[in-house]
Amino acid sequence: MRVSNVHLQQLAIFTTALTGAGVGIMYHLQQKTFCQSDYHKLALQKLESCPVAMETLGSPPLKVHNIHLTDRANRVDQHTAQIKIPLTGSRTGGYLYTSSVRDPDCNRWTLKVAVLSIRTGETIDLLNFPPSAKQ
């Protein structure tokens, strides 16, 4: 049985389009899963509670970008999560490096490291940042 080149071309185009759509959907679902995770939310809450870090970025507004899925700094398993979150504010941008550990007894994530690395080279440790003095 012979198949014409036209039919083979149509099959190749259809398969390519279907594969591309599937990859796009999977990418979107993985990004959505990251953003809804407790370890991601804890890190952003810690950033938003540090006025110096927010002021340095020029926030609000704070724009949280998609995580680079191929970056080796992003590793998540059942017990640990280490992610690098790209951020920008109105002044500058940077990365929020975080590391979290899940407590198996109560099934909750605990933030162990949260460091904001700004494009200018400045770093702010969000977990050991001194509270602002009230005047």
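Structure's up top.
Anyway, here's the lowdown on the structure attached to this text. (Residues numbered from 1 in each chain as written. Predicted model: local features only at pLDDT ≥ 70, side-chain atom pairs only at ≥ 80, totals over all residues. Heavy atoms only, no water.)

Let us look at the pairing of strand S3 (residues 80-88). With respect to burial, S3 is a largely interior element, seven of its nine residues being buried. Note that strand S1 (residues 63-64) and S3 share two bridges and pair antiparallel. Across the sheet, valine 64 pairs through a bridge with leucine 87, a residue of S3. The pairing of strand S2 (residues 75-76) with S3 spans two bridges and is classified as antiparallel. Of the residues in S3, the one forming a bridge with arginine 75 is glutamine 82. (Buried < 20%, exposed > 50% of the residue type's maximum accessible area, 1.4 Å probe, protein only. Helix = DSSP H or I, 4+ residues; strand = E, 2+ residues; numbered from the N terminus. Pairing = 2+ DSSP bridges.)

This part is about unusual backbone geometry. Unlike most non-glycine residues, asparagine 107 shows phi in positive territory, near 55°. By the element assignment, asparagine 107 lies in the loop between strand S4 (93-103) and strand S5 (108-118).

Attention now moves to the pairing of S4. Relative to S4, S3 runs antiparallel, the two sharing nine bridges. Following the sheet pairing, leucine 87 is matched in S4 by glycine 94. Hairpin connection from S3 to S4: four residues lie between these consecutive antiparallel strands. Note: S4 against S5, ten bridges, orientation antiparallel. Bridged to arginine 102 within S5 is tryptophan 109.

For helix H2 (residues 38-48), the complete set of buried residues consists of Tyr39, His40, Ala43, Leu44 and Leu47. Mapping the buried residues of H2 onto a view down its axis gives an arc of 130°, with all of them on the same face. (Arc of directions from axis to C-beta.)

Further remarks concern the packing of aromatic side chains. In the structure shown here, the tally under the stated rule is two aromatic pairs. With centroids separated by 5.0 Å and ring planes inclined at 70°, the aromatic side chains of tyrosine 39 and tryptophan 109 adopt a geometry described as edge-to-face. Here tyrosine 39, found in helix H2, pairs with tryptophan 109, found in strand S5; they are 70 residues apart in sequence, far enough to count as distant. Tyrosine 39 sits in the buried class, given a relative accessible area of 9%. Between tyrosine 95 and tyrosine 97 the ring centres are 6.2 Å apart and the planes differ by 50°, which places this aromatic pair in the tilted class. (Phe/Tyr/Trp six-rings, centres within 6.5 Å; stacked < 30°, edge-to-face > 60°.)

Under the definition given, this model contains one salt bridge. Put simply, lysine 84 and aspartate 71 hold a salt bridge, and the shortest N to O gap is 2.9 Å. Taken together, the residues span a long stretch of sequence, with lysine 84 in strand S3 and aspartate 71 in the loop between S1 and S2 at a distance of 13 residues. The exposure class of lysine 84 is buried, given its relative accessible area of 15%. (Salt bridge = Lys/Arg side-chain N within 4 Å of Asp/Glu carboxyl O.)

Turning our eyes to something else, we now look at the packing of helix H1 (residues 5-36) against H2. At a closest axis distance of 5 Å, the pairing of H1 and H2 adopts a crossing angle of 55°. Judged by the angle between their axes, H1 and H2 are oblique. For the pair H1 and H2, contact is made by Phe34, Cys35 and Gln36 and by Asp38, Tyr39, His40 and Lys41, respectively. Along the lines of polarity and charge, the residues of the contact of H1 with H2 split into three nonpolar, two polar and two charged. (Axes fitted to C-alpha atoms, helices over the stretch in contact; angles between N-to-C directions. Parallel < 35°, antiparallel > 145°, perpendicular 65-115°, else oblique. Contact = heavy atoms within 4.5 Å. Nonpolar A, V, L, I, M, F, W, Y, C, P; charged D, E, K, R; others polar.)

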